[in-house]
Structure formats: structure tokens, C-alpha cells
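Close look at the chain arrangement
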Amino acid sequence: MAETSNLQRKMHRTAFACAGVVVGMVGLAYASVPLYDLFCKVTGFGGTPIVRDENGSEVMDRTIAVRFDSNVAPGLNWRFSPEKPEVKVKLGETTTVYYKVTNAGDKPSTGIATYNVQPDLAGTYFSKLECFCFTEQTLQPGETLESAVVFYVDPRLVQDADVKDLTSLTLSYTYFPSKGGQPVAEATSSTKPIAQ
């Protein structure tokens, strides 16, 4: 009898341990996306630009070409383009570039922009001070929105043997249809409607 009771306690402990492992794994699965996103933003991994509050860099004489790529995913009838396809900037110099996006459809639609930097290794040195990425935008038919990206290329790039000879990099944005359907944030100072 005591042996049966002892065996049942062990089985209950094993079942609770297994249930705990399952709950922990599910929790990690849900947390993995935001944790990976945070990791990429902090380290520049996978071409993710670093997000900074200010530019504390000294400006160097060396210049680098920054190209701008704009894409719209299928299912979103928007036109999206940078004001210029490329700028030459000095390392450490704060630069502002504007993008325009227009709803070419006949009904309101909501989109959200994602971004990356190529080559991937340059993402560590591309620092954004202000950006319209990951902010849902709802545009009425024919409405155009102008949005700014403020950035600098960190001069520490010249100390990295893998990218020190880099002469250009590309900042690429892609607008996707939003899954939420409603804006989650108000327009910021870097995002302003353009009069038609």
C-alpha cells in the first residue's frame, strides 16, 4: 500500500514537472519574437539598424553612399518612394531623408513599414534617431503622407575589419498591410500629411 502511494506521488511529480516544462516552452515561444527583435535592435544583427536617442559621434571626413530602397508588399495598393535614391554622408553626420507614400486605392487602407540594412554587417553602424517604421499608418484614397528617417553612420565602422572598406550601404523599407486594421499610434512630428 505504501509502495503504491509512493509511486503515485512520483507519477504526480513527474506529471507536474512535464506540465511545467510545457508551460515554460510555450511562454518562451511567445517571448522569442519580441526578445529576438530587441536583440536585433541592440546589436544590429541581421542588418537591423541600431536605434539611438542622440548622435554623440564626431564627424569624419570619410564619406559613404547611403542608398534608399522602397517596396510595397502585395495586398497594399500604395506607392512608396524616397525623396532621393541616394545620399553621400560623412561618417558621424546626422542626415534626414523623407519618404512619400500614397494610397493609390479607392478605399482607406492601413500599412506598417519594416526595414533592414544591407550588407547585414553594416546594420551595427547604421544608427536611426527617428523613423516611421513599425508605426501603423491609415491612408484615405489618394492621401499622401511624408515621413522622415533621421540617421547617421557610426564612425566606428572604420575600426571593423569586415566593413572598414565599405563604400555604400542600402536602407530598405517595405510597407505591409496591417493586421490590426486600426492605427495604434498617433502621427509623430516626423510624419505629416501633405496637402493635395
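To start, this report covers the structure provided alongside it. Just so it is clear, the model here is predicted, and its values are computed rather than measured.

1. A look at the overall build of the protein
Per the secondary structure count, the protein includes one helix and eleven strands. Reading the protein from its N terminus to its C terminus gives the helix and strand order α-β-β-β-β-β-β-β-β-β-β-β. A buried classification covers 36% of the 196 residues belonging to the protein. Long-range pairs, those at least 24 residues apart, make up 78% of the contacts in the protein with a sequence separation of at least 6. When the accessible area of the protein is evaluated, it comes to approximately 11700 Å², of which 57% is carbon and sulfur surface.

2. A closer look at the nonpolar core
Judged by nonpolar contacts, the single largest core of 33 residues is most densely connected at Val66, Val153, Leu169, Leu171 and Tyr173. At the level of elements, β2 (63-72), β3 (78-82), β4 (86-90), β5 (95-103), β6 (109-118), β9 (144-153) and β10 (168-177) are the ones that each hand at least two residues to this core.

3. What to know about the state of the cysteines
Scanning the model with the defined rule gives one disulfide in all. Cys131 shares a disulfide with Cys133; S-S distance 2.4 Å. For the pair Cys131 and Cys133, a shared accessibility class is recorded, and that class is buried.

4. With respect to the sheet that holds β6
Ordered by their spatial adjacency, five strands build an open sheet running β4-β2-β10-β6-β8, and the pairing between neighbours is mixed. Every interior strand has two partners, whereas the edge strands, β4 and β8 (137-139), have only one. On average, each strand axis in the sheet is tilted by 30° relative to the strand beside it, whichever way the strands run.

5. Quick notes on the environment of Gln137
Along the chain, Gln137 turns up in strand β8. The exposure class of Gln137 is buried, given its relative accessible area of 8%. Residues Gln137 and Tyr175, spaced 38 residues apart in sequence, show a C-alpha to C-alpha distance of 9.8 Å.

6. A closer look at the pairing of β10
Within β10, seven of the ten residues are buried, which leaves it mostly tucked inside the rest of the structure. Inspection of the sheet shows β2 paired to β10 by eight bridges, in the parallel sense. Residue Asn71 lies in a different strand from β10, and its bridge partner there is Thr174. In this sheet, β10 lies alongside β6 in antiparallel orientation, the contact comprising eight bridges. Considered in β10, the bridge of Tyr115 is made with Tyr173.

Thresholds applied
Counting restarts for each chain: residues are numbered from 1 in the order of the written sequence. Owing to the predicted nature of the model, reporting of local features is limited to residues with pLDDT of at least 70; listing and counting of side-chain atom pairs is limited to 80 or more, with chain, interface and lining totals taken over all residues. As a convention, hydrogens and water are excluded, and side-chain values are obtained from all of the structure's heavy atoms. What counts as a helix is a DSSP run of H or I of at least four residues, what counts as a strand is a run of E of at least two, and both are numbered from the N terminus. Each residue is placed in one exposure class: buried if its accessible area under a 1.4 Å probe, protein chains only, is under 20% of its type's maximum, exposed if it is over 50%, and partly exposed if it falls in between. Every residue pair with non-hydrogen atoms within 4.5 Å of one another is taken to be in contact. The Shrake-Rupley method, run with a 1.4 Å probe sphere, supplies the accessible areas, and residue values consider only the shown protein chains as cover. Residues enter a nonpolar core if they are buried and are Ala, Val, Leu, Ile, Met, Phe, Trp, Tyr or Cys, with the set joined through side-chain atoms within 4.5 Å. Any pair of cysteine sulfurs within 2.5 Å is marked as a disulfide. Pairing between two strands requires that DSSP report at least two bridges joining them. Axis angles are defined between N-to-C directions and span 0 to 180 degrees, where every axis is a line fitted to C-alpha atoms and, for a helix, only to the segment in contact.

Read these as layout, nothing more, since geometry by itself doesn't imply function.
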